[in-house]
Amino acid sequence: MTSCPSPLLLQLFYDPSLLALLLEQIVNGLLVGSFYIVLSLGLSLIFSLGGVVNLSHGAFYAIGAYLAYEAEKRVGFFGAMVISPVLVALIGIVIERLFLKRLYGKDPALGLLFTFGLALVAEQSLRMIWGTTGLPFSIPDALRGQWIVGDFIYSYYRLTILGVSVLAVLGCWLLLNRTPFGLVVRAGVRDPEMVRALGISLNPALAAIFALGVGLAGLAGVMSAPLAGVQPAMGSEILTAAFVVVVIGGLGSFWGVVLAGLLVGVVRGITVFGCPPGAEASMYLLMVLVLLFRPRGLLGERFEKFE
Amino acid sequence: MTTIDRRGALKRGAALAGAAALPLGVPALVQAQDDSIRIGHITPRTGFLGQAGEQGFRAATLAVEEANAAGGVLGRRIELVAEDSVNPATAVNKAQKLIERDKVICLIGEVSSASALAIAEQAARAKLPFFNTGSNSDALRGQNCNRYLFHIEGSNTMYTKTIGTWQKQKNLIKGARWYFLTADYAFGHDLFRVSSRFLAENGGIVLANDMVPTNTADYSSYILKLRSLKPDYVYLNLAGVDQTTFLKQYREYNLPFPLTGGVMDTISFWAAGLENLSGTWQSLWYHGIANKDAQAFSRRFLAKYKLPPDNQAWGDYVGVRIALQTIAETRRTDAASIVQHLEKGATFDLLKDRKGMFRPWDHQLLQEMYVVQVKDKARSKDKWDIFDVIEAVPGPKDSFEVIQPTQAENPCRMT
């Protein structure tokens, strides 16, 4: 039995009331998209500034979820939402200072190999510390419940995710565009040589951006823990999606990631409505289409160092 | 920065990776004593089925330890040689290694139906018994059956008919509208085929079936869709991590449609947590069943591993015990004697009220299964106490064949 195109899609042609259902899927896609943004933004930042393709991004996402599991028992969910990403960022700084800083400006394959190895080590470590079986993690009682508007239904928890995501994105934007630190970062993205020539060390910025980037991954891990479970392989499973969002948005583009995250969420929602078996494939198809017509991604800029 | 730095960093990374990988390799490196009887254990212990596989490995280890503590079998020590079969290709290599290099007398394990098929082919070629303890696909018992392949795990049909028989008794099927959510690979397709067939035969209506890719992290779109369809029941044909994720997100939306499904793995349900569970399900074995052997086994397992055995642990534990009992009873370790003994209807204690035996023509272990209902949180003793056992299916007086595929439904022809 094939479910593509779905009976719903065919019905849409003679039953306009189903448009409401389609609209509901689109709005829900925006909610899902906000999660993709937080997940991918850090990946994009780290690549833009340090030129490192961070294959361990998923691992930091998983670590965020596991630390939240521990923190939640002690300080509750909201405390965990703050503490866990901060801890992940600190781990990020240690790794950046010990290992990654040696790889900037070298053959990109080295950073790739290092972070790939790191991801394997991290996943195996999670297994050794917390066991191979998934850990239960539920939506906190305060955020249980649904908001029902007419025919639409939204869970409070997902609306909270949306709120936190918006705050995280705005915070990052302000940091990058309204602070002296952000100025150095943006300059470093465009022309690191010139920044160095001006006598400004990029090292603190590189460390801070790596910490911020993996901290965002950790935050995404905390947010998804009550929805998608906490288990050792969660990081490697989500990594590809994060890359797809960054590539669609365009390397080095802040708003590109935001746009791409929302698009991926919406396209996925529509696919579930119209052709469920293609749900996971839809984001890849979107990526192919974008790359065909805009090889640099939707909002990717032409930077000398990426050419 | 010098090249030495770069190489140094890589070396450090590699050393870390090596250290992390080590514990998995150790069991295979242990050398056997000369006259010991070697049993090959092969199951996925990493990857998306790794959680279940690890439970199976623990249980098989426990079974062998207990056998050795009791003096071994035929006066010989038992040795478990364990391998991690991540995917079908690896499974083939590891099976060959166990057969040719380690000279095991039989293979036990597996969770993935695809890997089990690959291992079964290797075992059949080498004429070595393979006890499948975790793969549900009907095809393994059907067109892919062979003389050396035995199934301790229940088939998709058994799982479907267990819950279905109960639903039929309660008159929940006739005229009811069912929404299906099905894993989009061989296992799910097989399960959808047998479960929708059972419902249709008994007057149920398949409202819609959505095929879901494995490792889906977000089910909100599917949940919104089924909400608009207003089914009487939601029937889940998902496995592993996907089962956990759906259960949690379904609870998030608090929809009124009762949940049930074509398969239930305790480990996925534990991972979801009791507050996220609902509905009536089936179980091959559950540590809460009122049977004193089952309780004793659960206590021993809990003492050793700090969590109770799940249905997968039960499968591998019973698998090792069946193999050892067969050797003890035939006083031989060759494949022909083992197969003959099993086909002749030898009975085995399964940590359930009724003893079980293999059906001679398709080698399925005939046994009881259970209908279980998610427990009221107030009565739950600990985080693993998630079900009330409603009843055994088939009932105490019914034939084991009630939940089996009939000979007409199962194309198995052994040569």
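The sections below set out a description of the structure shown in this document.

Reading guide: rules and limits
Residues numbered from 1 in each chain as written. Chains lettered and ligands numbered in written order. Predicted model: local features only at pLDDT ≥ 70, side-chain atom pairs only at ≥ 80, totals over all residues. Heavy atoms only, no water. Core = buried A, V, L, I, M, F, W, Y, C linked by side-chain atoms within 4.5 Å. Buried < 20%, exposed > 50% of the residue type's maximum accessible area, 1.4 Å probe, protein only. Helix = DSSP H or I, 4+ residues; strand = E, 2+ residues; numbered from the N terminus. Domains from an automatic or database assignment. Contact = heavy atoms within 4.5 Å. Arc of directions from axis to C-beta. 1 Å grid on protein atoms, 1.4 Å probe; cavity = no way out; pocket = protein on both sides within 12 Å on 5 of 7 lines; lining within 4 Å. Points joined across faces, edges and corners; volume = space filled by probe spheres on them. Salt bridge = Lys/Arg side-chain N within 4 Å of Asp/Glu carboxyl O. Buried area = accessible area lost by both parts, 1.4 Å probe. Axes fitted to C-alpha atoms, helices over the stretch in contact; angles between N-to-C directions. Parallel < 35°, antiparallel > 145°, perpendicular 65-115°, else oblique. Left-handed = near helix turned anticlockwise from the far one by under 90°. Phe/Tyr/Trp six-rings, centres within 6.5 Å; stacked < 30°, edge-to-face > 60°. Lys NZ or Arg CZ within 6 Å of the ring centre and 35° of its normal. Disulfide = S-S within 2.5 Å. Expected span 1.5 Å × (residues − 1). Pairing = 2+ DSSP bridges.

1. Observations concerning the nonpolar core
Then step 1. Of all hydrophobic cores here, the largest spans 105 residues; its most connected members are F131(B), F246(B), W281(B) and I322(B).
Then step 2. Take this core: its biggest share by element is nine residues, from helix 12 (residues 311–330) of chain B.
Then step 3. Inspection of this core shows a minimum of three residues originating in each of domain 1 (34–154 + 291–366) and domain 2 (157–283 + 369–403) of chain B.
Then step 4. With sequence-adjacent residues up to four places away left out, F131(B) is seen in contact with C106(B), L107(B), I108(B), G109(B), F150(B), I152(B), I322(B), A323(B), L342(B) and F358(B).
Then step 5. With 84 residues, the next largest nonpolar core counts V32(A), L206(A), F210(A) and V222(A) among its residues.

2. A look at helix 6 (residues 180–190) of chain A
All names here are of chain A.
Then step 1. What helix 6 keeps buried is the set G182, V185, G188 and V189. Down the axis of helix 6, the buried set is contained in an arc of 125 degrees. They therefore lie on one face. Among the exposed residues of helix 6, those pointing more than 90 degrees away from its buried face are P180 and L183.

3. Focus on the layout of surface pockets
Then step 1. By volume, the largest pocket is sized at about 730 Å³.
Then step 2. Broken down by secondary-structure element, the contributors of at least two residues to the lining of the largest pocket are helix 2 (50–69), helix 4 (113–125), helix 5 (138–141), helix 7 (186–201), helix 9 (240–253), helix 10 (266–272) and helix 12 of chain B.
Then step 3. When residues are assigned to domains, the lining of the largest pocket turns out to be shared by domain 1 (34–154 + 291–366) and domain 2 (157–283 + 369–403) of chain B, each giving three or more.
Then step 4. Each pocket or cavity is described by its volume, and for the second largest pocket that value is around 550 Å³.
Then step 5. Lining of the second largest pocket is provided by 31 residues; of these, F35(A), I238(A), T216(B), A217(B) and D218(B) occupy positions nearest its centre.
Then step 6. Counting only elements with at least two residues in the lining of the second largest pocket, the list comes to helix 2 (18–50), helix 5 (156–177), helix 8 (203–228), helix 9 (234–249) and helix 11 (279–293) of chain A together with helix 9 of chain B.
Then step 7. Residue contributions to the lining of the second largest pocket peak at five residues, all from helix 9 of chain A.

4. Remarks on the pattern of salt bridges
Then step 1. A complete count under the given rule lists 30 salt bridges over all chains for this structure.
Then step 2. Salt-bridge contacts for E401(B) lead to R359(B); the nearest nitrogen and oxygen are separated by 2.7 Å. Taken together, the residues E401(B) in the segment after strand 14 (387–393) and R359(B) in the loop between strand 11 (357–358) and strand 12 (365–366) connect sequence positions 42 residues apart.
Then step 3. Overall, the relative accessible area of 39% leaves E401(B) in the partly exposed class.
Then step 4. Linked by salt bridges that have partners in common, R158(A), R268(A), E280(A), D218(B) and E252(B) make up one network.

5. Considering the interface of chain B and chain A
Then step 1. In this complex, chain B contributes 52 residues to the contact, which on the side of chain A involves 54 residues.
Then step 2. Summing both partners gives a buried area of about 4,600 Å² for chain B against chain A, and 58% of it is carried by carbon and sulfur.
Then step 3. Taken together, the connections running from chain B to chain A amount to four salt bridges.
Then step 4. The salt bridge involving D218(B) is made with R268(A); its shortest N-O contact spans 3.6 Å.

6. A few points about the packing of helix 8 (residues 220–229) of chain B against helix 9 of chain B
All names here are of chain B.
Then step 1. Contact pair helix 8 / helix 9: the axes reach a minimum separation of 10 Å and the direction vectors enclose 50 degrees. Viewed along their axes, helix 8 and helix 9 adopt a mutual orientation that is oblique. Handedness of the crossing formed by helix 8 with helix 9: right-handed. Residue-level inspection shows S220, I223, L224 and L226 of helix 8 in contact with helix 9, the latter providing F246, Q249, Y250 and Y253.

7. Side note on the packing of aromatic side chains
For any pair of aromatic rings, geometry is given as the distance between the ring centres together with the angle between the planes.
Residues and elements named next belong to chain B.
Then step 1. All told, the structure shown has 30 aromatic pairs over all chains when counted by the stated rule.
Then step 2. Taken together, a centroid distance of 4.8 Å and an interplanar angle of 50 degrees make the contact between F301 and Y305 tilted. With a gap of four residues between them, F301 and Y305 both fall in helix 11 (residues 292–305), about one helical turn apart. One exposure class covers both F301 and Y305, and it is buried.
Then step 3. Taking NZ or CZ as reference, R45 lies 3.7 Å from the ring centre of F57, over its face.
Then step 4. Stacked on the ring of F400, the Lys or Arg R354 has its end atom at 4.2 Å from the ring centre.

8. Focus on the state of the cysteines
Joining two cysteines, a disulfide is a covalent bond between their sulfur atoms.
Residues and elements named next belong to chain B.
Then step 1. One pass over the structure, following the stated rule, counts one disulfide over all chains.
Then step 2. Note on cysteine connectivity: C145 is disulfide-linked to C412, with sulfurs 2.1 Å apart. As the torsion about the S-S bond is roughly 95 degrees, the C145-C412 disulfide counts as right-handed. Here the residue C145 occupies a position in the loop between helix 5 and strand 5 (149–151), and C412 occupies one in the segment after strand 14, the gap between them amounting to 267 residues. Side by side, C145 and C412 carry an identical accessibility label, which is buried.
Then step 3. C106 forms no disulfide, and the closest cysteine sulfur to it belongs to C145, at a distance of 19 Å.

9. A short note on helix 11 of chain B
All names here are of chain B.
Then step 1. With 14 residues, helix 11 extends 20 Å between its outermost C-alpha atoms, agreeing within 8% with the 20 Å of an ideal straight helix rising 1.5 Å per residue.
Then step 2. Taken residue by residue, helix 11 has A294, F297, S298, F301 and Y305 as its buried positions. Here the buried residues of helix 11 occupy an arc of 100 degrees about the axis, which is enough to place them on one side. Seen from the open side of helix 11, the exposed residues pointing more than 90 degrees away from its buried face are K292, R299 and A303.
Then step 3. Packing partners of the buried residues in helix 11 comprise helix 2 and helix 12.

10. As for the sheet that holds strand 6 (residues 177–183) of chain B
Residues and elements named next belong to chain B.
Then step 1. The strand order 7-6-8-9 describes an open sheet built from four strands, whose pairing is parallel. Only two strands of the sheet have a single partner each, and these edge strands are strand 7 (205–212) and strand 9 (259–261). Averaged over all pairs of adjacent strands, the angle between their axes in this sheet comes to 25 degrees, without regard to strand direction.
Then step 2. Here strand 6 pairs with strand 7 via seven bridges, running parallel.

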